[in-house]
Amino acid sequence: MSDLTIRSVETRILDVPLIRPHKFATTTATAQAILLVSVTTESGVVGYGEGVTPGGPWWGGESAETMQVLVEKYLAPVAVGRRVDEIPAVLEAMEGVVARGRFAKAALEIAMFDAWARALDVPVRSLLGGAVRDSIECTWALGAMPLEEMVAEIDELMAADRHRTFKLKMGALEPAEDVARIAALAERLNGRAGLRVDINARWDRFTANVHLPALVEAGIELIEQPTPTEQVEVLAELNRSLPVQFMADESVQSPHDALEVARRDAAGVIAVKTTKLGGLTRGKETVAIARAAGIACHAATSLEGPIGTLASLHLACAEPGFNYGSELFGPLLLAETYVTTPIRYEEGRVHLPEGPGLGVQLDHDAVERFTRR
Ligand code: MUC
Ligand code: MG
């Protein structure tokens, strides 16, 4: 019988180049910084998790660097000596030493799940209740880029049938110009692809009331987080007044936030990210609240590499509540990988791998190459 006690926790930061710059509302990423966390049990089983934020601390206040400090100095000490199958107890202990810090907690919790599943020789999804599906629809996100570049990228991906829906990042331009760019794209595509937008909380209530109707008019099928994180009542007002789906992302960083969105009827869809929520357990709790309230869930991303993406994929495939597909495309944005078998993306979907744990093996040479010195 494997000794599941955690002997050690180790971290390193990987800097992995992107296939093209990814432009967000306030910053542009050319590489993704990924905190790779490993948990080793007394029997020598190793599990991995990733601490990732989309392009740095602008999104939620954490970065690979802050996560490394939180894990090394505060979270690892309360996990070492406990067992990898004592996840609720470790989550409680982590709450005692770090407030919020959810991206960092997610990295460690996922590494524990991976090690636990590997020790039992089962896939992580089995520890989450078992698979209800073996693949999920996968949208692709385009950075805030000019019209012709968007058209070219979408045409290429649709011709390969890799993605059938697209999320367009907004918020980097003046609102009127930004809306005109998106409306022109919708006209060019003429209904050939599903289009969603993510404004990343950049518009105030007035701007949203003035400019969102034109996006609805253009045929955008879903609007993600137009208004500030804390202003759930503003999102609720928009949700009541406009005939379009709204997705809450920044506004839902805990199960309690999901409850607040449900109470106020602020969105029809919640972006469930294992990163911002603090791991698989809190992700599952968030989906349970959404389901009970009749809110759809989208398996969303912080642009994780293969390890973090697979954690979210196992959850998305073990929870019936994920009925608004996924955007688990993070590994495809990386110019190179650091696992031996890439995740399969086909026919507009991302597919679960076989095998124990998260279902991939690290390519240790590549990990060394990307490790920050
Ligand atoms: C976000 O806010 O949703 C997900 C895809 C992408 O391009 O950015 C992330 C973050
Ligand atoms: Mg978002």
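Residues numbered from 1 in each chain as written. Chains lettered and ligands numbered in written order. Predicted model: local features only at pLDDT ≥ 70, side-chain atom pairs only at ≥ 80, totals over all residues. Heavy atoms only, no water.

An unreviewed UniProt entry lists the protein under the name Chloromuconate cycloisomerase, from Dietzia lutea. For the protein, the Cofactor (unreviewed entry) comment in UniProt is given as "Mn(2+)". Within the UniProt record for the protein, the comment given under Sequence similarities (unreviewed entry) is "Belongs to the mandelate racemase/muconate lactonizing enzyme family." (UniProt positions renumbered as here; feature names shortened; annotations may be inferred.)

Enquirer: Sorry if this is basic, but what is going on with the UniProt feature "domain: Mandelate racemase/muconate lactonizing enzyme C-terminal" (unreviewed entry) in the protein here?
Expert: The UniProt record annotates "domain: Mandelate racemase/muconate lactonizing enzyme C-terminal" (unreviewed entry) at residues 147-245. Measuring from the first to the last C-alpha atom of residues 147-245 gives 24 Å, for a span that is 52% helix and 14% strand. (Helix = DSSP H or I, 4+ residues; strand = E, 2+ residues; numbered from the N terminus.)

Enquirer: How should I be thinking about the domain arrangement of the protein in this particular structure?
Expert: Interfaces are frequently sized by the accessible area removed from exposure as the parts join. Entries for the protein in the domain assignment read domain 1 (6-121) and domain 2 (126-351). With 35 residues of domain 1 at the interface, the matching set in domain 2 holds 43 residues. Around 3,200 Å² of area is buried between domain 1 and domain 2 when both sides are counted, 66% of it from carbon and sulfur atoms. Counting the surface domain 1 buries against domain 2, the share from its top three residues, Glu50, Trp59 and Arg102, is 20%. Along the contact surface separating domain 1 from domain 2 lie one salt bridge. When the shortest N-O distance is used, the salt bridge between arginine 20 and glutamate 153 registers 2.7 Å. Applying the counting rule to domain 1 against domain 2 returns 15 residue pairs in polar contact (both at pLDDT 80 or more). Those elements giving two or more residues to the side of domain 1 that touches domain 2 turn out to be β1 (6-23), β2 (28-41), β3 (46-51), α2 (87-97) and α3 (102-120). It is α3 that provides the largest number of residues to the side of domain 1 that touches domain 2, a total of 10 residues. (Domains from an automatic or database assignment. Contact = heavy atoms within 4.5 Å. Buried area = accessible area lost by both parts, 1.4 Å probe. Salt bridge = Lys/Arg side-chain N within 4 Å of Asp/Glu carboxyl O. Polar contact = N/O pair within 3.5 Å; in protein donor to acceptor, adjacent residues only side chain to side chain.)

Enquirer: Explanation requested: the environment of leucine 310 in the structure shown.
Expert: The residue leucine 310 is located in helix α12 (residues 306-318) in this model. The spacing of leucine 310 and glycine 359 is 49 residues in sequence and 7.8 Å in space, taken between C-alpha atoms.

Enquirer: Explain the pairing of β2 here, please?
Expert: The side chains of a regular strand alternate, residue by residue, between the two faces of the sheet. Buried residues dominate β2, accounting for 10 of its 14 residues. The sheet contact formed by β1 and β2 spans 13 bridges and is antiparallel. The residue bridging leucine 14 from the neighbouring strand is isoleucine 34, located in β2. The hairpin turn running from β1 into β2, its antiparallel successor, is four residues long. Where β2 meets β3, six bridges bridge the pair, whose relative direction is antiparallel. Looking at the pairing, leucine 35 lines up with glycine 51 of β3. Between β2 and β3, which pair antiparallel in sequence order, lie four residues; one of them, glycine 44, sits at a positive phi of approximately 95 degrees. (Buried < 20%, exposed > 50% of the residue type's maximum accessible area, 1.4 Å probe, protein only. Pairing = 2+ DSSP bridges.)

Enquirer: Where do I start with the coordination of the magnesium ion (ligand 2) in this structure?
Expert: Perfect tetrahedral coordination of a metal by four donors corresponds to 109.5 degrees between them, and perfect octahedral coordination by six donors corresponds to 90 or 180 degrees. Looking at the metal site, the magnesium ion (ligand 2) is ligated by Asp198 (OD), Glu224 (OE) and Asp249 (OD), spaced 2.0 to 2.3 Å from it. Between the donor residues of the magnesium ion (ligand 2), the gaps in sequence give the motif D-x25-E-x24-D. Of this pair, aspartate 198 sits in strand β7 (residues 194-198) while glutamate 224 is found in strand β8 (residues 222-224), placing the two residues 26 residues apart along the sequence. Relative accessible area serves as the criterion here: at 1%, aspartate 198 is assigned to the buried category. Accessibility expressed as a relative area gives 1% for glutamate 224, which makes it buried. (Donors = N, O, S within 2.8 Å, 3.2 Å for Na, K, Ca; no water.)

Enquirer: Explain the site of ligand 1 here, please?
Expert: Surveying the vicinity of ligand 1 reveals 16 residues, the closest of which are His22, Trp59, Lys167, Asp198 and Asn200. At 2.8 Å, a side-chain N or O of tryptophan 59 approaches an oxygen atom of ligand 1. Residue aspartate 198 places a side-chain N or O atom 3.0 Å away from an oxygen atom belonging to ligand 1. In isolation ligand 1 exposes 280 Å². Once the protein is present, 100% of that is buried. Taken together, the residues that form the shell around ligand 1 break down as six nonpolar, three polar and seven charged. Three or more residues apiece are contributed to the shell around ligand 1 by two domains, here domain 1 (6-121) and domain 2 (126-351). (Near = heavy atom within 4 Å. Areas by Shrake-Rupley, 256 points an atom, 1.4 Å probe, with all protein chains shown as cover. Nonpolar A, V, L, I, M, F, W, Y, C, P; charged D, E, K, R; others polar.)

Enquirer: Before we go on, may I ask you to explain the pattern of salt bridges in this structure?
Expert: In the structure shown here, the tally under the stated rule is 27 salt bridges. Residue lysine 169 pairs with aspartate 198 through a salt bridge whose shortest N-O separation is 2.8 Å. With lysine 169 in strand β6 (residues 165-169) and aspartate 198 in strand β7, this residue pair connects regions lying 29 residues apart in the sequence. The pair formed by lysine 169 and aspartate 198 is uniform in burial state, with each residue classed as buried. Residues participating in the shared-partner salt-bridge network are Lys167, Lys169, Asp198, Glu224 and Glu327.

Enquirer: Sorry if this is basic, but what is going on with the sheet that holds strand β10 (residues 269-272) here?
Expert: Adjacent strands of a sheet form backbone hydrogen bonds with each other and so pair up, either parallel or antiparallel. In space, the seven strands of this open sheet follow the order β5-β6-β7-β8-β9-β10-β11, with parallel pairing throughout. Each of the sheet's edge strands pairs with one partner strand only, and the pair in question is β5 (140-142) and β11 (296-299). Looking at each pair of strands side by side, their axes are set apart by 30 degrees on average, direction ignored. Here β7 pairs with β8 via three bridges, running parallel. Counted as the bridge partner of aspartate 198 is glutamate 224 from β8. (Axes fitted to C-alpha atoms, helices over the stretch in contact; angles between N-to-C directions.)

Enquirer: How do you make sense of the state of the cysteines when you look at a structure like this?
Expert: By definition, a disulfide links two cysteine residues through a covalent bond between their sulfur atoms. Using the criterion set out here, one finds zero disulfides in the structure. Looking at cysteine 138, it has no disulfide partner, and the nearest cysteine sulfur is the one in cysteine 317, 11 Å off. (Disulfide = S-S within 2.5 Å.)

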